[in-house]
Amino acid sequence: MKKYLLEGLMFTAYALFAASWVSGAMLTPAIQASFGEAGFANATWGSNVITLAKIVGNLVAAALLMRLGAKRAFALAMLLIATGGLGALAGSYGGWLLSRLALGLGGALAIVYFNPVVLHYFSARERPLINGINAAAFNTGNLLALLTTAALAAWMGGWQSVIALYGVMVVALALLWWLAAENFPLSGGGDQPEENYGLAQGVREPFNWWLPLAYCGVLFCYIAVFALFPLIDGFAVASKDLSAVMIFAGMVGTAAGILVTKRYPLRLPVLRYSGLALVLFAALMLVSRNPIVAYAAAALAGFFMFLPMTALVTLPQELPGMTPARITVTFGMFWSVSYGVETALMYGAGLLADSTGEPAYAAYFAVACSASLFVFSFLLPESGKKNEVREKGAENATA
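Thresholds, definitions, all that
- Position numbers for residues start from 1 in each chain and track the written sequence from start to end.
- A pLDDT threshold of at least 70 governs which residues receive local features in this predicted model, and a stricter bar of 80 or more applies before side-chain atom pairs are shown or counted, although totals over entire chains, interfaces and linings include all residues.
- By convention in this description, side-chain values take in all heavy atoms of the structure and omit both hydrogens and water.
- Strands are runs of DSSP state E lasting at least two residues, helices are runs of H or I lasting at least four, and both sets are numbered from the N terminus onward.
- Each residue is placed in one exposure class: buried if its accessible area under a 1.4 Å probe, protein chains only, is under 20% of its type's maximum, exposed if it is over 50%, and partly exposed if it falls in between.
- Throughout, a contact is declared for two residues whenever any of their heavy atoms are within 4.5 Å.
- Summary of the metric used: pLDDT quantifies the predictor's per-residue confidence within the range 0 to 100.
- Ring pairs are drawn from Phe, Tyr and Trp, using the six-membered ring of Trp, whenever the two centres fall within 6.5 Å, and their geometry is named by plane angle: stacked under 30 degrees, edge-to-face over 60, tilted for the rest.
- Counting as a charge over the ring demands two things of the Lys NZ or Arg CZ atom: a distance within 6 Å of the ring centre and an angle within 35 degrees of the ring normal.
- By definition here, a salt bridge exists when the distance from a side-chain nitrogen of Lys or Arg to a carboxyl oxygen of Asp or Glu is within 4 Å.
- The criterion for a disulfide is a pair of cysteine sulfur atoms lying within 2.5 Å.
- Buried residues of nine kinds, namely Ala, Val, Leu, Ile, Met, Phe, Trp, Tyr and Cys, make up a nonpolar core once their side-chain atoms join them within 4.5 Å.
- Two joining distances apply to patches: 9 Å for like charges and 5 Å for nonpolar side chains (Val, Leu, Ile, Met, Phe, Trp, Tyr), and every residue must have over 30% relative accessible area and no salt bridge.
- To be clear on the numbers: accessible area is Shrake-Rupley with a 1.4 Å probe, and residue cover counts the displayed protein chains and nothing else.
- Orientation is described by lines fitted to C-alpha atoms, with helices fitted over the stretch in contact, and by angles between N-to-C directions that extend from 0 to 180 degrees.
- Small angles under 35 degrees read as roughly parallel and large ones over 145 as roughly antiparallel, with 65 to 115 read as roughly perpendicular and the rest as oblique.
- For a crossing to be left-handed, the near helix must be turned anticlockwise from the far one by less than a right angle; the clockwise case is right-handed.
- Asp, Glu, Lys and Arg are counted as charged, while Ala, Val, Leu, Ile, Met, Phe, Trp, Tyr, Cys and Pro are counted as nonpolar; the rest, among them Gly, fall into the polar class.

(A) Representation of the environment of E126 within the structure. Along the chain, E126 turns up in the loop between α5 (93–121) and α6 (127–135). Exposure remark for E126: the relative accessible area of 24% places this residue in the partly exposed category. Separated by 136 residues in the primary sequence, E126 and K262 place their C-alpha atoms 9.1 Å from one another. The residues contacting E126, other than those within four sequence positions of it, are K3, Y4 and Y121.

Next up, the structure:
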């Protein structure tokens, strides 16, 4: 049962990281007002500083794991996430951004450490389900924030109390993790020699670049949904409602993605056609002036945004010779490069909106960038086997 306890603690910690991030984004007008700040581009820094921290955190995640071991490394991630709650005590906008920096560092480490833990504790048959659950962690926290932030702020008296609450909750999780977690070999087994595989080796592998480039546009579009869309008027329905519909549908898409990944061994068709559907439905969501069509398109865009996530995370785990050490480097680069590109795109979207005077252009730009999954899927290797498709087809026919 230990592996399920550890999985639950990791999932909850990352969901609360997401809730803290999204609540901060939703409360941006109140936060800016309390610090005397203004401006659309300036508002993006509340999220951009988190993504900048994730770039750095993802890159150092593997080195910290090797030095500290899994137990202490994830405990550090949780404490950094909890430190994000200190933003409630900030006396300046700079102090607030520093607390977001700590939050981002913790989230960066946490999401990378999902993968070596899953690879070590769970069998190949179990991983699609666990990967799918983990892929829903951010969405779970996102939805929690969307549904509760306004009520919590009103009930607790302001944005400071909401941010502090998340910090206290993660401190409790860190204590439970410290009591339950253990270190494990990072070489793929106790009888294997210690592996010397770090960032220097990882950057030489093309796959470690194509994978994040495929995802970066989708990530940008997703973050824009809760960081930029609520600041934009002029859609067929309220942008915050579109965001909520997309996120809820994304959770359904994640569940569907688990089933698809378990039943269908090939990964690239799932990535490719989901990426294409995402672009088409997200574009329809923005341009439609019919509320029913906009809601339906938002739901389908959210569904296809998260349908491929289980396959995307499972694909590297299925590559030959993958070990906890290697998968940590792969996903360290994955999240670092993804968030690096996303940060540039997000700030560019803010500048585009400010220079044109049309905030909706930022949304159109985000949707266009989500085509990255479709485009770069043609450069990724296939980890599944076509003969497995034929075998499963034969089994179903016999049944």
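Once you've had a look at it, read on.
(B) Summary view of the confidence of the model for the chain. When the pLDDT values of the chain are averaged, the result is 85; 89% of them are 70 or greater. Predicted confidence for residues 389–399 stays below pLDDT 50, and this span has six contacts to residues more than four positions away or in other chains.

(C) Spatial organisation of the packing of aromatic side chains. Applying the stated criterion across every chain yields a total of 23 aromatic pairs. Between F303 and F304, the aromatic rings sit 5.2 Å apart at their centres with planes inclined by 85 degrees, giving edge-to-face as the arrangement. Residue F303 is classed as partly exposed on the basis of its relative accessible area of 22%. Ring pairing ties together the aromatic residues Y14, F17, W21, F114, F138, Y215, Y222, F306, F331, F334, W335 and Y339, which thus form one cluster. The cationic tip of K71 hangs over the ring face of W178; the distance from NZ or CZ to the ring centre is 4.5 Å. A cation over a ring is seen here: R272 above F378, with NZ or CZ 4.0 Å from the ring centre.

(D) Layout of the pattern of salt bridges. Per the counting criterion, the structure on display carries three salt bridges. In this structure, the salt-bridge partner of E126 is K3, at a minimum N-O distance of 3.2 Å. You can see E126 sitting in the loop between α5 and α6 and its partner K3 sitting in helix α1 (residues 2–26), a full 123 residues away along the chain. One salt bridge in this structure joins E318 and R267, with 2.6 Å as the shortest N-O distance. Taken as a pair, E318 in the loop between α14 (309–317) and α15 (324–356) and R267 in the loop between α11 (239–263) and α12 (268–287) lie far apart in primary sequence, 51 residues in all. Its relative accessible area of 31% is what places E318 among the partly exposed residues.

(E) Fine view of the state of the cysteines. Enumeration over the complete set of coordinates arrives at zero disulfides. The cysteine C216 is free of any disulfide, with C369 supplying the nearest cysteine sulfur at 7.8 Å. Here C221 is not disulfide-linked; the sulfur of C369 is the nearest cysteine sulfur, at 8.7 Å. C221 gets classed as buried once you look at its relative accessible area, which sits at 1%.

(F) Structural context of the nonpolar core. In terms of nonpolar packing, the biggest core is built from 124 residues, with Y14, M78, W96 and W177 touching the most fellow members. Counting residues per element, this core draws most heavily on α5, which supplies 14 residues. In this view, M78 contacts L9, A13, V170, L173, A174 and W177; residues no more than four positions away in its chain are not counted.

(G) Spotlight on the environment of G350. As for its position among the elements, G350 is in helix α15. For the pair formed by G350 and A362, sequence separation is 12 residues and the distance between their alpha carbons is 6.6 Å.

(H) Seen up close, a nonpolar patch on the surface. A contiguous nonpolar patch, built from V56, L59, V60, L199, V203 and W209 and spanning about 450 Å² of accessible area, is present on the exposed surface. A total of three residues in the nonpolar patch trace back to one element, the largest contributor, which is helix α4 (residues 45–83). By relative accessible area, which is 36% here, V203 ends up partly exposed.

(I) Summary view of the packing of α1 against helix α8 (residues 159–180). One can describe the packing of α1 onto α8 by two numbers: an axis separation of 10 Å at closest approach and a directional angle of 165 degrees. In this view, α1 runs roughly antiparallel relative to α8, as classed from their interaxial angle. Crossing of α1 against α8: the hand is left-handed. Residues K2, L5, L6, L9, M10, T12, A13, L16, A19, S20, S23 and G24 of α1 lie in contact with α8, whose contacting residues are V162, I163, Y166, M169, V170, L173, L176, W177 and A180. Among the residues making up the contact of α1 with α8, the classes are represented as 16 nonpolar, four polar and one charged.

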